[in-house]
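Below, each chain spelled out in residue letters.
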Amino acid sequence: MHCKIAIDGPAGSGKTTVAKLIAQYLGMDYLDTGAMYRIIGLFLHQLGLSPKDNSLEKYLEDAKIDYKDGHFYLNGRLVGDEIRTPEVGMYASDFASHADVRNFLTRMQKEICKDRSIVAEGRDIGTVVMPDANVKIFLVASPEVRAKRRYDELRDKGIDVTYEELLEQIIERDKNDSTRDIAPLSKADDAIEIDTSKLNVQQVVDKIIEVVKERCML
Ligand code: DC
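Residues numbered from 1 in each chain as written. Predicted model: local features only at pLDDT ≥ 70, side-chain atom pairs only at ≥ 80, totals over all residues. Heavy atoms only, no water.

Draft legend 1. Summary view of the pattern of salt bridges. Applying the stated rule across the entire model yields 12 salt bridges. Between Arg116 and Asp29 there is a salt bridge, with its nearest N and O atoms 3.0 Å apart. With Arg116 in the loop between α5 (99–113) and β6 (118–122) and Asp29 in strand β2 (residues 29–32), this pair connects stretches of sequence that are 87 residues apart. We classify Asp29 as partly exposed; its relative accessible area is 36%. A salt bridge links Asp32 to Arg84, with the nearest nitrogen and oxygen atoms 3.1 Å apart. (Salt bridge = Lys/Arg side-chain N within 4 Å of Asp/Glu carboxyl O. Helix = DSSP H or I, 4+ residues; strand = E, 2+ residues; numbered from the N terminus. Buried < 20%, exposed > 50% of the residue type's maximum accessible area, 1.4 Å probe, protein only.)

Rendered as structure tokens:
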């Protein structure tokens, strides 16, 4: 039996750290769907396109994303930290509301998640990408806690940002991501909500592993 774990939540809720650790601990594959929206957001922005453009389909045909050994390649080139800046986060969030972008990436994500045990994280994993997941987790935390986490993370990577600009962007992205018409950020009815504001990473991981062991009979 394959074990499918969906981890959703807003920016900075701890999805990436937690999802990676769970995948590692259980020896499962891991998919960061936000990275795919970032790759496409940057790609379309560099072409001078806007999320308001009617059709983006023909441009998306020129974006070949490969996912190998946990790394993404765009048209054969390894994707690195250039997609991790707050600006690219905004492009991702803006273009993520476009139906062509969502269809393109959802199709690809469903294909990647098919027939394997996997931990996938994003905004619509439990609702759209893997509605049949064995375990659905929805992580939340206050905007201030999330902005502080992003601040520490980006500063560690040498990316120059201020806490205030991150807090502003987190609030704006939350609004964008939860109010868009297609596949908005929302908790699946059968998802378990965990507030990570006052928990450390290990505590969140332990809680999730407990549910996984029960549901996937590990
Ligand atoms: O997880 P992240 O912050 O790297 O994601 C960047 C943006 O991509 C996020 O603001 C909204 C969009 N996204 C989405 O719409 N659906 C997903 N499954 C993952 C990300």
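Draft legend 2. Spotlight on the layout of surface pockets. Counted as a void, the second largest pocket has a volume near 210 Å³. Lining the second largest pocket we find Ile39, Leu42, Phe43, Gln46, Leu74, Arg77, Leu78, Val79, Glu82 and Ile83. Going through the elements one at a time, α2 (33–46) and β5 (77–78) are the ones with two or more residues in the lining of the second largest pocket. The biggest single contributor to the lining of the second largest pocket is α2, with four residues. Here the residues of the lining of the second largest pocket sort into seven nonpolar, one polar and two charged. (1 Å grid on protein atoms, 1.4 Å probe; cavity = no way out; pocket = protein on both sides within 12 Å on 5 of 7 lines; lining within 4 Å. Points joined across faces, edges and corners; volume = space filled by probe spheres on them. Nonpolar A, V, L, I, M, F, W, Y, C, P; charged D, E, K, R; others polar.)

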